[in-house]
Amino acid sequence: MSIQKTITAILSLVALGVLISATETKPEYPNAIWKQTNPEALGWSRTGLQFADDLARTMGTSAYLIIHKGQIVHEYGDVTTPTNLHSIRKSILSILMGIYHDQGTVKLEKTMSELNIDDIGGLSDTEKQATVEQLLQARSGIY
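Reading the values: the criteria
- Residues numbered from 1 in each chain as written.
- Predicted model: local features only at pLDDT ≥ 70, side-chain atom pairs only at ≥ 80, totals over all residues.
- Heavy atoms only, no water.
- Phe/Tyr/Trp six-rings, centres within 6.5 Å; stacked < 30°, edge-to-face > 60°.
- Helix = DSSP H or I, 4+ residues; strand = E, 2+ residues; numbered from the N terminus.
- Core = buried A, V, L, I, M, F, W, Y, C linked by side-chain atoms within 4.5 Å.
- Buried < 20%, exposed > 50% of the residue type's maximum accessible area, 1.4 Å probe, protein only.
- Expected span 1.5 Å × (residues − 1).
- Arc of directions from axis to C-beta.
- Polar contact = N/O pair within 3.5 Å; in protein donor to acceptor, adjacent residues only side chain to side chain.

1. Regarding the packing of aromatic side chains
By the definition in use, this model includes one aromatic pair. Ring centres 5.5 Å apart and planes at 20 degrees place the aromatic pair Tyr-64 and Tyr-76 in the stacked group. Of this pair, Tyr-64 sits in strand S1 (residues 63-68) while Tyr-76 sits in strand S2 (residues 71-77), and the two are twelve residues apart along the sequence.

Printed below as a string of structure tokens:
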């Protein structure tokens, strides 16, 4: 997938999020079997989901899965076959973290040291000065 298609896909997922209205439901934590639910029961728009499917089809997307509070809301394509995401998870994580930043839950300027975040082998003093914002930028490792 080209970078343009990747960016389009991410922006489309954000747009899809705008088309839905999340209702307050108790999260479920699935085991081997995940519960499938009626999308509208959780506030998702069937029209918005169809739009996402149509867009995915035009971009050559192989599959995607939408999970809301532990329940499968929607799936497109063969979600049972592993797919190479081409390093897109940081971009998706950044989008999701942006929501929490806007709500004031996540402070991008906080450092690993201030948040008491460490690694198994231990972060160096320099790495502990990395901010949440730096971690969310497209980089490998802390620096």
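From this point, things continue past the structure.
2. Remarks on the nonpolar core
By size, the foremost hydrophobic cluster in this structure holds nine residues: Leu-42, Trp-44, Leu-49, Ala-52, Ala-56, Tyr-64, Ile-66, Val-73 and Tyr-76. Ranked by the residues each element gives to this core, the list is headed by helix H2 (residues 46-59), at three residues. One finds Leu-123, Ala-130, Val-132 and Leu-136 within the second-largest nonpolar core, a separate group that totals seven residues.

3. A look at helix H3 (residues 89-102)
Between the first and last C-alpha of H3 there are 20 Å, a value that for 14 residues agrees with the 20 Å anticipated at 1.5 Å per step. Looking one or two places after H3, you find Gly-104, whose phi comes out positive at around 85 degrees.

4. Some thoughts on H2
Counted at 1.5 Å a residue, the expected span for H2 with its 14 residues is 20 Å, and the 20 Å between its end C-alpha atoms agrees. Along H2, the residues that are buried comprise Gly-48, Leu-49, Ala-52, Asp-53, Ala-56 and Met-59. Projected down its long axis, H2 carries its buried residues within an arc of 145 degrees, all on one side. Those residues of H2 that are exposed and aimed more than 90 degrees away from the buried face are Thr-47 and Thr-58. Looking at where H2 begins, the residue whose side-chain oxygen comes 3.3 Å from the main-chain nitrogen of Thr-47 is Ser-45. Phi for Gly-60, located one or two positions after H2, is positive at around 80 degrees.

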